[in-house]
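Below are the chains, spelled out letter by letter.
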Amino acid sequence: MSADHVYNVLFLCTGNSARSILAESILEAEGKGRFRAFSAGSQPKGKVHPWALKTLEALGYRSSGFSSKSWDVFAKPDAPQMDFIFTVCDNAAGEACPVWIGHPATAHWGIEDPAAIEGSELDQGRAFAQAARYLKNRISLFVNLPLATIDKLALETKLHEIGRIEGSTQGKGGVA
């Protein structure tokens, strides 16, 4: 890892319609050109959840041009080589993933699925805003890591610690 390297980051979720889309857009902005963000799912829904786009727009992040796609797209030989892969839902973390070229650093950053919230528009909006806040907190910690100088073991430890901050589903049997 070097200071001038642009890092490729893939966010994985089962449906690739909510959390992974939020994370992709947030990293794209917060990474300030140091990161290229992507998202995918093991069983993509085929469309992005409308509340994910509304939430991104309300927070001032890019909210267009996203698609719900299979993680197989990123396992092909001509796909961008990933430096980091983060699962953001518990189901994706437990699934058999493709073999990733280059053996990127991985961690589980599970948070509850805002798309699973039933109720009023207000309830749904709150769930998506909370998910975005949890993801932004993780991403802010991640982009401030000294990637060019940290050793692999320390980096992996830090990535896993980030996954356990406020909002983590680890140990809760979280909704996926």
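Residues numbered from 1 in each chain as written. Predicted model: local features only at pLDDT ≥ 70, side-chain atom pairs only at ≥ 80, totals over all residues. Heavy atoms only, no water.

Asker: It is not clear to me how the side chain of T55 should be interpreted in this structure. Could you clarify?
Answerer: Structurally, T55 is set in helix α2 (residues 50-58). Using a relative accessible area of 6% as the deciding quantity, one classes T55 as buried. Setting aside chain neighbours within four positions, we find T55 in contact with L22, F128, A129 and A132. (Helix = DSSP H or I, 4+ residues; strand = E, 2+ residues; numbered from the N terminus. Buried < 20%, exposed > 50% of the residue type's maximum accessible area, 1.4 Å probe, protein only. Contact = heavy atoms within 4.5 Å.)

Asker: Before we go on, may I ask you to explain helix α1 (residues 19-30) in this structure?
Answerer: The α-helix advances 3.6 residues per turn, and as a result positions three or four apart in sequence lie on the same side. For α1, which comprises 12 residues, the first-to-last C-alpha distance of 16 Å matches the rise-based estimate of 16 Å (1.5 Å per residue) to within 8%. For α1, the full list of buried residues reads R19, S20, I21, L22, A23, E24, S25, I26, L27 and E30. Elements in contact with the buried residues of α1: β1 (7-13), β2 (35-41), α2 and α4 (121-143). Of the residues flanking the end of α1, it is K32, one or two places downstream, whose phi is positive at about 45 degrees. (Expected span 1.5 Å × (residues − 1).)

Asker: What am I meant to see in the nonpolar core here?
Answerer: Residues F11, L27, F84, F86, W109, F142 and L159 are the most contacted members of the largest nonpolar core, which totals 40 residues. Only β1, α1, β2, α2, β3 (84-87), β4 (105-108), α4 and α5 (152-162) provide two or more residues apiece to this core. Discounting residues that sit within four places of it in the chain, F142 has contacts with V9, L27, F35, F84, F86, W109, L159 and I162. F38, A40, W71 and M82 belong to the second-largest nonpolar core, a separate cluster that totals 8 residues. (Core = buried A, V, L, I, M, F, W, Y, C linked by side-chain atoms within 4.5 Å.)

Asker: Please clarify how the pattern of salt bridges should be interpreted in this entry.
Answerer: If charged atoms from side chains of opposite charge come close, those side chains can pair. Counted according to the given criterion, the structure contains 8 salt bridges. Across the pair D123 and R126 runs a salt bridge, and its minimum N-O distance is 4.0 Å. One end of the pair, D123, and the other, R126, are both in helix α4, 3 residues apart, so they sit about a helical turn from each other. Look at R126 and you get exposed, because its relative accessible area is 51%. (Salt bridge = Lys/Arg side-chain N within 4 Å of Asp/Glu carboxyl O.)

Asker: Is there a simple way to think about the sheet that holds β2 in this case?
Answerer: Taken in spatial order, the 4 strands make up an open sheet running β2-β1-β3-β4, and their pairing is parallel. Edge positions in the sheet fall to β2 and β4, since each of these pairs with one other strand and no more. For this sheet, the mean inter-axis angle between neighbouring strands, taken without regard to orientation, is 20 degrees. Direction of pairing for β1 relative to β3: parallel, over a ladder of 4 bridges. When the bridges of β3 are listed, L12 appears paired with T87. The strands touched by α1 are β1 and β2; relative to β2, the strand with the most contacts, the crossing angle is about 175 degrees. (Pairing = 2+ DSSP bridges. Axes fitted to C-alpha atoms, helices over the stretch in contact; angles between N-to-C directions.)

Asker: Looking at this model, I keep getting lost on α4. Mind explaining?
Answerer: If you check α4, its first and last C-alpha atoms are 32 Å apart, about what 23 residues at 1.5 Å a residue would give, namely 33 Å. Buried within α4 are the following residues: Q124, G125, A127, F128, A131, A132, Y134, L135, R138, I139, F142 and V143. Looking at the packing, one finds that the buried side of α4 touches β1, α1, β2, α2, β3 and α5.

Asker: Explain the packing of aromatic side chains here, please?
Answerer: The description of an aromatic ring pair rests on the distance of the ring centres and on the angle between the ring planes. One pass over the structure, following the stated rule, counts 11 aromatic pairs. Here F84 and F142 contribute two aromatic rings whose centre-to-centre distance is 4.9 Å and whose plane-to-plane angle is 80 degrees, an arrangement assigned as edge-to-face. Residue F84 is located in strand β3, and its partner F142 is located in helix α4; the two are separated by 58 residues in the primary sequence. As far as burial versus exposure is concerned, F84 and F142 are alike and both buried. (Phe/Tyr/Trp six-rings, centres within 6.5 Å; stacked < 30°, edge-to-face > 60°.)

Asker: Whenever I open this one, the packing of α1 against α2 confuses me. Can you help?
Answerer: Packed helix pairs are characterised by how far apart their axes lie and by the angle those axes make with each other. The N-to-C vectors of α1 and α2 enclose an angle of 25 degrees; their axes lie 9 Å apart at closest approach. Compared by their axis directions, α1 and α2 come out roughly parallel. Seen from above, α1 lies across α2 with right-handed handedness. For the pair α1 and α2, contact is made by I21, L22, S25 and I26 and by A52, T55 and L56, respectively. (Parallel < 35°, antiparallel > 145°, perpendicular 65-115°, else oblique. Left-handed = near helix turned anticlockwise from the far one by under 90°.)

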